[in-house]
Amino acid sequence: SEALERHEFGAEVGRLLDLVVHALYSEREIFLRELVANAADAVDRRRFEALTNPALGLPAEARLRILPDKAARTLTIADAGIGMSKTELGQHLGTIARSGTLAFARSLAEAPATDKPSLIGQFGVGFYSAFMVADRVEVTSRRAGTEEAWTWASEGRGDYTLAPAARAEAGTDIVLHMKADAEEFLEPFRLQSIIRKWADHITIPIVVVRDGKEEPANEGTALWRKPKSEVTEEQYADFYRHVAHAFDTPWATLHWRAEGTLDYAALLFIPGMKPFQPVEGERESRVRLHVRRMFITEEAGLLPPWLRFVAGVVDTEDLPLNVSREMLQATPVLARIRKAVTNRVLSELKSRAREAEDYAKVWENFGPVLKEGVWEDAEHRQEVAALLRFRSSAVEGWTSLVDYLARMKEGQQAIYVLVGDDAAALARSPQLEGFRARGVEVLLLSDGIDAFWPERLASFEGRPIRSITQGTVDLSKVAGGEPAGEATDVALLLPLLKDALKEDVSEVRATDRLVDSAAVLAAPEHGPDLQMQRLLRRAGR
Ligand code: ADP
Ligand code: MG
């Protein structure tokens with residue numbers, strides 16, 4: 001028609017289309033997530049603008065309709081959102097406002113296959129994903145508060161057209177003319193399952209039209225947004241199984257809402273069981289970040305690695321929907337949320353740790369992970385140390401550093417630990433003899449990470465932590481301490497031993513740490529203790 005205007009795409013768009021269409025072929029279903037996200041966004045924006053301009057008010061039934069038509073081979077996504085004017089259609093769908101193709105292309109090339117789909121949303125290039133499944137896209141839109149409608153159309157090559165159109169109400173219809181190999185996306189069942197997977201938590205109703213009937217596609221219950229009193233244990237547990245891919249019941253459910261300087265809702269779970277297949281080498285927290293209910297990413301690092309066993313959702317109002325990867329790393333909002341969420345989980349652990357039997361369950365599942373916090377998190381080191389539990393030479397079951405301090409002998413200077421591979425073997429070690437004889441307790445550490453953190457922690461509540469296989473151990477000041485052996489005989493023996501062993505040891509010393517055994521190996525005062533030396537040898541050093 002006469003009114004048809006033809007426009008070239010902005011230079012970046014052409015390259016971007018190529019990237020999106022070809023790099024993500026196996027992940028094509030995410031086009032629906034992106035279009036649904038845009039539609040939900042548009043509805044939110046209309047709702048927001050209506051706050052100051054009631055004339056823009058949303059119709060009561062502002063549902064999002066997904067309409068497959070097999071005969072015409074089209075898929076239509078229709079919303080009653082804010083809509084776009086002619087200028088906005090050209091601006092928003094004809095150029096790239098945000099991040100540029102270069103950064104996107106680089107990330108796309110570097111990301112592992114499973115991460116590629118999330119890049120589209122993060123870089124704010126979601127609309128163009130429509131061309132993965134469609135060889136022609138028509139967008140008919142009417143801006144809320146205006147009378148005219150326009151149709152934007154493109155085949156995803158060099159240009160797009162704009163033409164006047166008609167639309168009874170404000171909002172947008174996106175009509176996808178599906179490629180021959182994308183007909184699966186015209187199956188209502190397939191559409192339903194994609195929405196359940198990607199957009200279940202969008203709160204406006206989404207319907208898929210089948211045989212003229214509208215069938216609800218999303219549950220629309222953002223459980224974390226509900227007041228606690230309206231959520232049952234069973235609903236929590238179901239949701240936990242969904243987000244954690246678990247089968248058990250959570251050990252802890254933390255559900256809270258922050259308002260004020262930070263605005264977010266969080267629903268977190270500490271699992272009741274260890275996951276069956278912990279991902280080897282995977283250390284990042286997978287807590288999901290949502291922005292206004294919309295799923296954004298599992299890779300926002302919302303908790304530190306040493307709390308990576310915690311599963312769940314944090315949903316904030318304080319970030320834009322298409323927050324980019326760079327922004328996720330840089331924004332102070334997220335840093336503040338991280339801090340608040342970490343402290344909340346810590347305080348839950350702290351309060352539950354008072355019930356020894358209850359706490360032992362989480363300790364036995366995730367203790368070694370928590371210990372990483374002492375190793376790497378200077379800010380929380382002392383707090384996490386208080387949460388650790390140990391086997392001990394003096395008591396049955398689990399004990400803590402706080403309990404150890406309470407049992408220390410008069411005159412005892414340090415917290416003594418013995419590190420090895422096997423807890424049962426440690427309990428029988430000759431290294432313990434002198435300590436047992438004097439009633440000095442030794443903590444027995446047998447997790448892999450135990451070779452590392454005690455040195456970092458260095459002390460707890462002012463008491464140094466000492467490995468008993470390291471250097472000299474002076475137990476002479478401990479109350480009730482007995483003198484070691486016959487001093488003169490030992491003094492005669494030492495030079496002889498030193499001479500005989502000079503190839504193998506750097507020193508031979510008398511010690512008061514033995515009672516029944518004649519000799520024991522010790523590590524030098526400074527440098528790695530015996531367990532660390534074993535590990536270093538194993539690592540080929
Ligand atoms: P992003 O959503 O990150 O902005 P997209 O490529 O998904 O990037 O969309 C580009 C822009 O097009 C959006 O910011 C929005 O302004 C506009 N837009 C897309 N879909 C719709 C819609 N259904 N209703 C209104 N505006 C839309
Ligand atoms: Mg988008």
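Residues numbered from 1 in each chain as written. Chains lettered and ligands numbered in written order. Predicted model: local features only at pLDDT ≥ 70, side-chain atom pairs only at ≥ 80, totals over all residues.

Participant: Could you give an account of the overall build of the protein, naming the residues involved and the relevant values?
Facilitator: Helix and strand content of the protein: 17 helices and 19 strands. For the protein, buried positions account for 37% of its 541 residues. Relative to all contacts within the protein whose residues are 6 or more apart in sequence, the contacts with residues 24 or more apart total 70%. (Helix = DSSP H or I, 4+ residues; strand = E, 2+ residues; numbered from the N terminus. Buried ≥ 20, exposed ≤ 12 C-beta atoms within 10 Å, placed from the backbone. Contact = placed C-beta atoms within 7 Å.)

Participant: Lay out the nonpolar core in plain terms, naming residues and giving numbers.
Facilitator: Membership of the largest hydrophobic core comes to 127 residues, with the highest contact counts inside it found for Val36, Ala130, Val310 and Val442. Top contributing element to this core by residue count: helix α2 (residues 30-52), with 10 residues. Beyond its immediate chain neighbours, meaning those up to four positions away, Ala130 contacts Phe31, Leu35, Val137 and Leu176. (Core = buried A, V, L, I, M, F, W, Y, C linked by C-beta atoms within 7 Å.)

Participant: An account of unusual backbone geometry is requested, with residue identities and associated values reported.
Facilitator: We note that Asp211 has phi near 50 degrees; this positive angle belongs to a residue other than glycine. Looking at where Asp211 falls in the secondary structure, it is placed in the loop between β8 (206-210) and β9 (213-216). Here Glu461, not a glycine, exhibits a phi torsion of approximately 45 degrees, which is positive. Checked against the element boundaries, Glu461 lands in the loop between β18 (459-460) and β19 (463-467).

Participant: Tell me what's going on with the confidence of the model for the protein, and back it up with residues and numbers.
Facilitator: Of all residues in the protein, 91% have pLDDT values of 70 or greater, and the mean over the chain is 86. On the interface metric, ipTM, the complex scores 0.99, and its pTM is 0.59. (pLDDT = per-residue confidence, 0-100.)

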